[in-house]
Amino acid sequence: MIYLRDYTDSKLSRVLIYSVLALLLVSGIQCRRAPANPTGLITEKAMVVSAREEASAIGAAILESGGNAFDAMVATELALAVAYPYAGNLGGGGFMVYRKSDGDVGALDYREKAPLSATEDMYLDSLGNVIPGMSTNGATAVGVPGTIAGVFEVHRKFGSIPMERILDPVIALAEKGVVVTEKQADRLERYRDQIIEISGEETLFYTKCQKGDTLKYQSLANTLKRIRENGRDEFYRGETARKLAAFIQEKGGFITEEDLASYEAVWRQPIIFNYKDLRIISMSPPSSGGVTINQIFKMIEPYDIGDYGHNSAEAIQLLTEAFRRAYADRNFYLGDPDFVEIPLDFLLQESYLRERMSDFTLDRATKSEAVSHGTVEILESAETTHYSIVDAMGNAVSVTTTLNGAYGSKLYCDELGFFLNNEMDDFSSKPGVPNMFGLIGANANSIAPEKRMLSSMTPTIVEKDGALWLVVGTPGGSTIITAVAQTILNAYEFNLSMQQSVEAPRFHHQWLPDYIIFEPDGFPERTKDLLRSKGYEINEERTPVIGKVDAIRVLPDGRLEGGADPRGDDKAIGY
């Protein structure tokens, strides 16, 4: 047997020792980084993962027939308006992050806007108190929709096949109808009374739906046919615009034809940062997603979370403390960059983030009352749906789109065939007062005419070793950011497959209220007990699922693995 100490005095032995140690280190890294065996759908060339099989199928068919990822984005987005009216929409908006096959990246903001008549105190009574329901229910809650502007802008810049060819299968789906799933029937029943209260007993959704029923949307098909004939302007300047504005005003809302005519989607520079050997590309303000997830990853980077164990008490504690601090900053500093100065250089500075975590210890919880927003030198914001697409050329898009609440404002325009959003609630109606997701806002996200409201949507693309690796995102209101972060860490730090990463139980903390939310039945009591012993408050009530992540992983051999979240009816389809 050879003992290393016998050779420590020789130059040769030192070289051997260093070589052995280096080999052991590299072997350990390779072992930890060995790609997980896929457990989700595997395809050779292209894939769409979305909230409904019908939408994924239409998007995948566009890809297989010669369209690119951007053509498929348009098809999937509009098909979700038919198959998934809970969040898919013509009456809402969203964000897209893209990475082209040549490595070029970018982002599109087609987020809703406040109408021209909006004022900072429009949801307050004469005493300065928030009027309950005014920013969440009915026509007064509706922001100017951006979805149609978004899909046409994507097609104008990157589309490769005619818009008519993209719209035809969506129109056919609306006319043929969509079979109601058990989960969809449950959702419709849960919100049926609210929809009827807002939209009246003549609405399409008055009749109770059962699993197996077919919902046909002829009015939506007619609207899409006019858009097919007249293009983008049909929605913002044409017959549809006139009918939409008249309908909203008749119901007491604020949006006018002028509001619709002035709407434009905006190209943005995405938030790009490194985490170890990953390059993460995510959405920039008015989404808070990219900035907040950047802060979270940089706060935890000095700690080797992969060694703590997946969903261990230590890993949960580290992430909770990063979540707490990042959300405190999110709620104070972020808003529409066209209206407020956002101190990104300071918020994303590593020295600033190290200071934010300087009082973190695994011994005990940090209370949120002790964590305000960080001190920055310059001072001058749940129910969505996400889909991920990769085409045969290697183009990738990550898109999150929303009506904000479930079925938005619950206001359904039967003549046009779609629900209207309640995005005005994503503004800070009054600084310091929580919105429907419990998020506390500040002046940066106050209401102003034509301003875009702050969002948590976090469509994200991840590169590894300079190549496309993950396309990921989720719905979930304020839980979106933490769900996306956990999914990326599941795949990277804990070496789970894409499907396993999506399925894994999730938890959430957002600064205020100061408790950790755990998905039901996902975490052992001993883990919760350990966290309680350190001073963490845990939401003991049975909570809804946290996100419905739809993601794609590029395997080492170039094939694709889909991760479709079983929390919903989500489906991966490709070829």
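Residues numbered from 1 in each chain as written. Predicted model: local features only at pLDDT ≥ 70, side-chain atom pairs only at ≥ 80, totals over all residues. Heavy atoms only, no water.

The name an unreviewed UniProt entry gives the chain is Glutathione hydrolase proenzyme, with Muriicola marianensis as the organism. What UniProt records for the chain under Subunit (unreviewed entry) is the sentence "This enzyme consists of two polypeptide chains, which are synthesized in precursor form from a single polypeptide." Quoted verbatim from the Pathway (unreviewed entry) field of the UniProt record, the comment on the chain reads "Sulfur metabolism; glutathione metabolism." (UniProt positions renumbered as here; feature names shortened; annotations may be inferred.)

> Mind showing me how you'd approach helix 6 (residues 182-199) here?
Because each turn of an α-helix spans 3.6 residues, side chains separated by three or four positions in sequence point in the same direction. In a regular helix each residue adds 1.5 Å, so 18 residues correspond to 26 Å; helix 6 covers 24 Å between its end C-alpha atoms and thus fits that length. By the largest-angle criterion, tyrosine 191 marks the main kink of helix 6, which is about 50°. Looking at helix 6, one finds that the buried residues are Gln184, Ala185, Arg187, Leu188, Tyr191, Arg192, Ile195, Ile196 and Ser199. If you follow the buried residues of helix 6, they end up packed against helix 3 (69-83), strand 5 (178-179), strand 6 (214-215), strand 12 (412-413) and strand 13 (418-419). (Helix = DSSP H or I, 4+ residues; strand = E, 2+ residues; numbered from the N terminus. Expected span 1.5 Å × (residues − 1). Bend = angle between axes of the 7 residues up to and from the residue. Buried < 20%, exposed > 50% of the residue type's maximum accessible area, 1.4 Å probe, protein only. Contact = heavy atoms within 4.5 Å.)

> Looking at this structure, how should I read the sheet that holds strand 14 (residues 460-464)?
Strands pair in a sheet through their backbones, by hydrogen bonds, and they do so in one of two ways: parallel or antiparallel. The strand order across the open sheet built from 7 strands is 1-19-18-15-14-9-8, with neighbouring strands paired in antiparallel fashion. In this open sheet, the two strands that pair with only one neighbour each are strand 1 (42-43) and strand 8 (271-275). Here strand 8 pairs with strand 9 (residues 278-282) via 5 bridges, running antiparallel. Among the inter-strand pairings, tyrosine 275 is bridged to a residue of strand 9, identified as leucine 278. Set on the sheet, helix 11 (residues 289-300) makes contact with strand 8 and strand 9; between it and strand 8 the angle comes to about 15°. Seen against the sheet, helix 15 (residues 480-492) touches strand 8, strand 9, strand 14 and strand 15 (467-472) and runs at an angle of roughly 135° to strand 15. (Pairing = 2+ DSSP bridges. Axes fitted to C-alpha atoms, helices over the stretch in contact; angles between N-to-C directions.)

> Quick question: what am I supposed to make of the nonpolar core here?
A general tendency of soluble globular proteins is for nonpolar side chains to be buried together. Counting 85 residues, the largest nonpolar core has Met73, Leu90, Met96, Ile389 and Val397 as its most contacted members. The element contributing the most residues to this core is helix 3, with 12 residues. Contact partners of methionine 96, with chain neighbours within four places excluded, come to Phe70, Met73, Gly106, Ala107, Leu108, Tyr110, Val154, Trp267, Met283, Val397, Ser398 and Val399. (Core = buried A, V, L, I, M, F, W, Y, C linked by side-chain atoms within 4.5 Å.)

> How do you make sense of the pairing of strand 8 when you look at a structure like this?
Walk down a regular strand and you will see the side chains alternate between the two sheet faces. Of the two faces of strand 8, the one holding Ile271, Phe273 and Tyr275 is buried and the one holding Ile272 and Asn274 is not buried anywhere. Hairpin connection between strand 8 and strand 9: a loop of 2 residues separates the two successive antiparallel strands, and lysine 276 in this loop has a positive phi of roughly 55°.

> Can you walk me through empty space enclosed by the protein in this structure?
To locate leftover empty space, one rolls a probe as large as a water molecule over the atoms. Reported here for the largest cavity is a volume of approximately 60 Å³. Lining the largest cavity, in full, are His310, Asn311, Ala315, Leu319, Gln486, Leu489, Asn490, Phe494, Pro505 and Phe507. For the lining of the largest cavity, the secondary structure elements donating two or more residues are helix 12 (313-333) and helix 15. Of the residues forming the lining of the largest cavity, the biggest block, 3 residues, is contributed by helix 15. (1 Å grid on protein atoms, 1.4 Å probe; cavity = no way out; pocket = protein on both sides within 12 Å on 5 of 7 lines; lining within 4 Å. Points joined across faces, edges and corners; volume = space filled by probe spheres on them.)

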